[in-house]
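# Survey of secondary and tertiary structure
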Amino acid sequence: LGDYYKGVDALVDELAKAGVKKISGGLVGDLSYFSGGEIPETWEWDDLQWYYGAGISALPINDNAVDVKVSPTQAGQPCDVRLLPRSTVFTVNNLCTTGGSVSALSITKSLDRNILTVGGTIPAGSKSWEGSIAVTQPADLFLALLKERLIARGIAVVGDTRIQPLGVTPPTAQTLIATLQSPPFGIIAAKTMKPSQNMYTETILWTLGEEKRRNRATAVSGNSGAIGIAVVKDFLTEDVGIPKDSVIQYDGSGLSRHDLVTPSAVAALYVYMAKVSKNAQVWRDSQAVGGVD
């Protein structure tokens, strides 16, 4: 369990430094940076409730997941179910009972909404179950936590939170209040590769797509992920020299069961990154070290 407010508090700090005392309207989340569905098309439904199947958002928070802790109480009594960070975004149906001789717990999250049902039994006195559950529409959680932390800092927020509807043009008169600078990409790469963080790989892939869309003089069609895959394909074939049919890619993380890659393609990529790429050291530093990290 970590500091669930560290990321959003950094934004609140910048707003406070800018002299913001009160927000007379609401908080509106703009998700238009990315295009396409929240979930890559070829992911399997039984992965989607867990943290490693978290969806992609232009306003991510806490790896787009919440921590869940289910603990036994007294025999015959309901279990204690806690979500961290606490938020009104989730609805919890607690059907779990303390009892029995072995744990028979069931954790089920609705696929398209933030409803968590906890059922089954946990023996009295046994160890708590802990896990992480993906958040549907994580921008809702982002905005809820932002409003909560703004108020805690003494910055009043009069209105509600909402997502900007797709296709609605934002006001032309806008004022930049605060900016957060990301860590260097080398650090992001290590935080992606070492723990095998699927949500980060997808976000990187989608960002590749949107950067290409925005930097091209001519229009580029397709959603963020599809364009990102085309960018990777060009790199693998044109720079590394891997045959086009050696890598079949559907997502950024490899969670898709439809991804295919030949051993020779992997070897060629590793040789290129180690001996040719100008980013060789950054790439090496991002790799997981067996038995260490």
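Each remark here, short or long, concerns the structure printed above.
Residue numbers run consecutively from 1 along every chain, following the written order of its sequence. Since the coordinates come from a predicted model, pLDDT governs what is reported: local features require at least 70, and pairs of side-chain atoms require 80 or more to be given and counted, while whole-chain, interface and lining totals use all residues. In computing side-chain properties, one takes all heavy atoms of the structure into account and sets aside hydrogens as well as water.

We count a stretch as a helix when DSSP gives it H or I for four or more residues in a row; a strand needs E for two or more, and each element gets its number in order from the N terminus. Expected helix span is taken as 1.5 Å per residue step, with the number of steps being one fewer than the number of residues. Relative to the 18 Å expected for 13 residues at 1.5 Å per residue, helix α6 (residues 263-275) spans 18 Å between its end C-alpha atoms, a close match to the ideal helical length. Considered for burial, the residues of α6 that qualify are Ala-265, Tyr-272 and Met-273. Burial along α6 is one-sided: seen end-on, the buried residues are contained in an arc of 95°. Facing away from the buried side of α6, by more than 90 degrees, are the exposed residues Pro-263, Ser-264 and Lys-275. Those residues of α6 that are buried are in contact with α5 (224-240), β12 (247-248), β13 (260-261) and α7 (280-286). Each residue is assigned to one of three classes by its accessible area relative to the maximum for its type, calculated with a 1.4 Å probe on protein chains only: buried under 20%, partly exposed between the two thresholds, exposed over 50%. Along the arc lie the directions from the helix axis toward the C-beta atoms. Contacts are assigned to residue pairs with any non-hydrogen atoms lying within 4.5 Å of each other.

It is worth spelling out the environment of Ser-264 at this point. Along the chain, Ser-264 turns up in helix α6. On the accessibility criterion, Ser-264 (52% relative accessible area) is exposed. Ser-264 sits 226 residues away from Glu-38 along the chain, and the two C-alpha atoms are 32 Å apart. Within 3.5 Å is the distance limit for a polar contact, defined as a pair of N or O atoms, with the added protein rule that one can donate a hydrogen and the other accept it, and that residues adjacent in sequence qualify only through two side-chain atoms. At 3.3 Å, the side chain of Ser-264 forms a polar contact with the side chain of Thr-262.

Another aspect to go through is the layout of surface pockets. Space inside the second largest pocket adds up to approximately 1600 Å³. Points on a 1 Å grid over protein atoms alone make up a cavity when a 1.4 Å probe fits among them but cannot get out, and a pocket when they form an open set with protein on both sides within 12 Å along at least five of seven lines; lining residues each have an atom within 4 Å of a point. Lining of the second largest pocket is provided by 42 residues; of these, Met-193, Val-232, Gly-252, Leu-269 and Trp-283 occupy positions nearest its centre. Considering every element that reaches the lining of the second largest pocket, the biggest residue donor is helix α4 (residues 198-215), with eight residues. Think of it as three bins: nonpolar holds Ala, Val, Leu, Ile, Met, Phe, Trp, Tyr, Cys and Pro, charged holds Asp, Glu, Lys and Arg, and polar takes everything else, Gly as well. Looking at the lining of the second largest pocket, its residues break down into 23 nonpolar, 15 polar and four charged. Grid points are joined across faces, edges and corners, and a volume is the space filled by probe spheres set on the points.

Let us now look at the packing of helix α1 (residues 6-17) against helix α2 (residues 138-152). In this analysis an axis means a line fitted to C-alpha atoms, helices contributing only their contacting stretch, and an angle means the value between N-to-C directions, from 0 to 180 degrees. Two elements in contact, α1 and α2, have axes separated by 10 Å at closest approach and are oriented at 50°. As summarised for this structure, α1 and α2 are arranged oblique, according to the angle between their axes. Seen along the crossing, α1 lies across α2 with a hand that is right-handed. Listed contacts from α2 to Val-8, Asp-9, Leu-11, Val-12 and Leu-15 of α1 are Phe-142, Leu-145, Leu-146, Arg-149 and Leu-150. Residues of the contact of α1 with α2, tallied by class, amount to eight nonpolar, no polar and two charged. Here is the rule for angles: anything less than 35 degrees is roughly parallel, anything more than 145 is roughly antiparallel, 65 through 115 is roughly perpendicular, and the remaining ranges are oblique. Crossing handedness: left-handed means the near helix sits turned counterclockwise from the far one by under a right angle, and right-handed means the same turn made clockwise.

Ordered in space as β4-β3-β9, the three strands form an open sheet in which the pairing is antiparallel. The open sheet has two free edges, formed respectively by β4 (80-84) and β9 (129-134), since each of these has just one partner strand. Each strand of the sheet is rotated relative to its neighbour by a mean of 25°, with strand direction disregarded. At least two DSSP bridges between two strands are needed for those strands to be called paired. Sheet analysis places strand β3 (residues 65-71) next to β4, joined by five bridges and oriented antiparallel. Its bridge partner being in β4, Val-70 is matched across the sheet by Val-81.

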